[in-house]
Amino acid sequence: GYRGLGICLAELKKYDESIDTLKKAVRLSARHPWPLVELCWVYSLSGNLPEAQKILNELIERSKTEFISGLFMSGAAYFSKNYDKAFEFLEIAFNQRDGSLQRIKTWPLCAFIREDPRYQPFLTRMNFPE
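This one's a predicted model, so the numbers in the text were calculated from it and none came from an experiment.

Some remarks on unusual backbone geometry
Then, in step 1: Here the phi dihedral of R31 falls at roughly 65°; this positive angle occurs in a residue that is not glycine.
Then, in step 2: Mapping R31 onto the fold places it in the loop between α2 (15-28) and α3 (33-45).
Then, in step 3: Given the relative accessible area of 38%, R31 is considered partly exposed.
Then, in step 4: A positive phi angle is found at R97, which is not glycine, with a value near 55°.
Then, in step 5: By secondary structure assignment, the location of R97 is in the loop between α6 (83-96) and α7 (111-114).

Written out as structure tokens, the structure is:
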């Protein structure tokens, strides 16, 4: 519930409230990557790139010892303004056959990638249905 509320507050541009709400989701989920990436997104929207970068760094470090979705890593990289790294992580997701890639066309946080010219060729390679 906190994740959904945090996203809605971000869409309303109530970034401080969104951040507080998503921090609760992160805490209650024991720092699950999904709410962490959503928090990274709101930090990016609010212009707090150092905090977004901290989340990316945490996910990179954690990915050395646990599975972190390449799509989630891609989002965190993109929200931290590491655009080329975002596509490197997207490539990793593709090679891992990451199950979260099915959300790439619909998950609101994936909107970041849809405007990039590398997106359509990636979908073509995925053999994603139209």
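A word on a nonpolar patch on the surface
Then, in step 1: Taken together, the side chains of Y2, L5 and L28 define a hydrophobic patch exposed on the protein surface, amounting to about 300 Å² of accessible area.
Then, in step 2: Tracing the chain through its elements places L28 in helix α2.
Then, in step 3: The class of L28 is exposed, set by a relative accessible area of 59%.

Considerations on helix α1 (residues 2-11)
Then, in step 1: Looking only at α1, the buried set comprises G6, I7, L9 and A10. Viewed along the axis of α1, the buried residues span an arc of 160°, placing them on a single side of the element.
Then, in step 2: Tucked into the core, α1 has its buried residues touching α2 and α3.
Then, in step 3: At the exit of α1 stands K13, carrying a positive phi of roughly 65°.

Looking at the side chain of S18
Then, in step 1: When you line up the elements, S18 lands in helix α2.
Then, in step 2: Relative accessible area serves as the criterion here: at 0%, S18 is assigned to the buried category.

A short note on the packing of α1 against α3
Then, in step 1: Two elements in contact, α1 and α3, have axes separated by 11 Å at closest approach and are oriented at 15°. It follows that α1 is roughly parallel to α3 by the angle criterion. By crossing handedness, the relation of α1 to α3 is classed as left-handed. Where α1 abuts α3, its residues R3, I7, A10 and E11 lie against W34, P35, E38, W41, V42 and L45.

About the thresholds
Residues numbered from 1 in each chain as written. Predicted model: local features only at pLDDT ≥ 70, side-chain atom pairs only at ≥ 80, totals over all residues. Heavy atoms only, no water. Helix = DSSP H or I, 4+ residues; strand = E, 2+ residues; numbered from the N terminus. Buried < 20%, exposed > 50% of the residue type's maximum accessible area, 1.4 Å probe, protein only. Patch = residues over 30% accessible without salt bridge, like charges linked within 9 Å, V, L, I, M, F, W, Y side chains within 5 Å. Areas by Shrake-Rupley, 256 points an atom, 1.4 Å probe, with all protein chains shown as cover. Salt bridge = Lys/Arg side-chain N within 4 Å of Asp/Glu carboxyl O. Arc of directions from axis to C-beta. Contact = heavy atoms within 4.5 Å. Axes fitted to C-alpha atoms, helices over the stretch in contact; angles between N-to-C directions. Parallel < 35°, antiparallel > 145°, perpendicular 65-115°, else oblique. Left-handed = near helix turned anticlockwise from the far one by under 90°.

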